[in-house]
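Secondary and tertiary structure notes
Spelled out from the first residue to the last, the chains are:
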Amino acid sequence: MTRPRILLLGAGGHGKAIADLLLAHGGYDIAGFVDAAPKASQVLGLPLLGDESLLTALAGQGIGFAHASVGDSAQRLAAADRLRSAGFALPSLIHPAALIGHGARVGQGAAILARAVIGPEAEIGPLALINTGAIVEHDCVVAEAAHIGPGAVLAGGVRIGAGALIGAGAVVRPGIYIGAGAVVGAGAAVVEDVAPGATVMGVPARPVQGPAI
């Protein structure tokens with residue numbers, strides 16, 4: 001049986017992680033990468049086809065699916081719009097080593113990487129990224145294009161706004177709300193709600209000026 005072909009837009013580190021997911025998944029043939037500034041001819045042995053000027057032509061060649069393999073949330077949203085405009089469908093991608101609870105929902109274009117855990121009746125929005133080893137417990141809501149970093153833990157009922165970033169190893173107390181575009185620094189412990197666009201870090205997490213990772 002012929003497997004559907006999928007194109008990856010973005011050949012950086014996150015593109016490599018998505019290619020690894022797809023190679024483990026086995027449900028797609030990876031046609032290759034396109035990238036705004038190609039720096040190599042291959043990534044993980046897969047071809048880097050060129051820049052985004054090829055998108056419409058590649059869609060016309062029967063590559064029906066694509067993924068915006070870009071780590072930055074705003075850039076991922078924009079890349080997804082360009083892929084849709086070129087005619088690609090954006091499936092959700094779930095690594096076979098991830099665990100998905102009963103009643104959990106995963107939106108189009110979202111990616112759930114290896115050893116992530118999605119609890120029962122959690123909701124993962126379109127284009128959200130649940131990175132390696134992250135835990136999104138029961139009844140959490142992760143909105144569009146939000147990024148839950150490697151090893152981060154969202155306890156039950158947490159709500160994450162669109163485009164928010166939860167840094168690697170951060171922990172969020174049950175029932176907390178983190179607003180759209182907010183940034184939670186790596187290793188932070190969030191025990192209070194975080195306003196949209198705010199940056200917090202530390203244990204317990206407190207607002208700071210400037211970016212945190």
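Shown above is the structure to which this text applies.
Small disclaimer: the values here were computed from a predicted structure and weren't measured. (Residues numbered from 1 in each chain as written. Predicted model: local features only at pLDDT ≥ 70, side-chain atom pairs only at ≥ 80, totals over all residues. Heavy atoms only, no water.)

Scanning the protein from terminus to terminus reveals three helices and 24 strands. In terms of C-alpha radius of gyration, the protein reaches 17 Å, essentially the compact-globule figure of 17 Å for 213 residues. When the backbone C-alpha atoms are referred to their principal axes, the protein occupies close to 50 × 40 × 25 Å. Within the protein, buried positions represent 46% of all 213 residues. Contacts in the protein between residues far apart in sequence, at least 24 positions, make up 27% of those at least 6 positions apart. For the protein, the accessible surface area stands at approximately 9200 Å², while carbon and sulfur atoms represent 57% of it. (Helix = DSSP H or I, 4+ residues; strand = E, 2+ residues; numbered from the N terminus. Rg over C-alpha atoms; globule rule 2.2 N^0.38 Å. Buried < 20%, exposed > 50% of the residue type's maximum accessible area, 1.4 Å probe, protein only. Contact = heavy atoms within 4.5 Å. Areas by Shrake-Rupley, 256 points an atom, 1.4 Å probe, with all protein chains shown as cover.)

To continue, consider the environment of Ile118. Relative to the helices and strands, Ile118 resides in strand S10 (residues 117-118). Taking the C-alpha atoms as reference points, Ile118 and Gly187, separated by 69 residues in sequence, lie 20 Å from one another. In contact with Ile118, other than residues within four places in its own chain, are Leu99, Ile100, Gly101, Ala104, Ile112, Ile124, Ile130 and Val136.

Our focus in this paragraph is the sheet that holds strand S6 (residues 93-94). Spatial ordering of the open sheet is given by S6-S9-S12-S15-S18-S21-S23-S24, a layout of eight strands whose pairing is mixed. For this open sheet the edge positions go to S6 and strand S24 (206-207), each flanked by a neighbour on one side alone. (Pairing = 2+ DSSP bridges.)

Time to look at the pattern of salt bridges. Side-chain pairs of opposite charge can arise where the charged atoms are in close proximity. Tallying each qualifying case throughout the model produces four salt bridges. Notably, a salt bridge pairs Asp29 with Arg3, separated by 2.4 Å at the nearest N-O pair. Remark: Arg3 occurs in the segment before strand S1 (5-9) and Asp29 occurs in strand S2 (residues 29-34); sequence separation between them is 26 residues. Overall, the relative accessible area of 30% leaves Asp29 in the partly exposed class. Two residues, Glu52 and Arg82, come together in a salt bridge whose shortest N-O distance is 2.6 Å. One end of the pair, Glu52, is in the loop between strand S4 (46-50) and helix H2 (55-60); the other, Arg82, is in helix H3 (residues 73-86), and 30 residues separate them in sequence. (Salt bridge = Lys/Arg side-chain N within 4 Å of Asp/Glu carboxyl O.)

The buried fraction of S2 amounts to five of the six residues, a majority that puts the element mostly inside the structure. Here five bridges tie S1 to S2, and the two strands are oriented parallel to one another. Opposite Leu7, over in S2, you have Gly32 as the bridge partner. For the segment spanning S1, helix H1 (residues 13-25) and S2, crossover handedness is right-handed. (Right-handed = clockwise from strand over helix to strand, strands pointing away.)

Moving on, we come to the sheet that holds strand S7 (residues 99-100). Strand order in this open sheet of six strands is S7-S10-S13-S16-S19-S22, and the pairing throughout is parallel. Edge positions in the sheet fall to S7 and strand S22 (189-190), since each has one partner strand and no second. The pairing of strand S16 (residues 153-154) with strand S19 (residues 171-172) spans two bridges and is classified as parallel. When the bridges of S19 are listed, Val153 appears paired with Val171.

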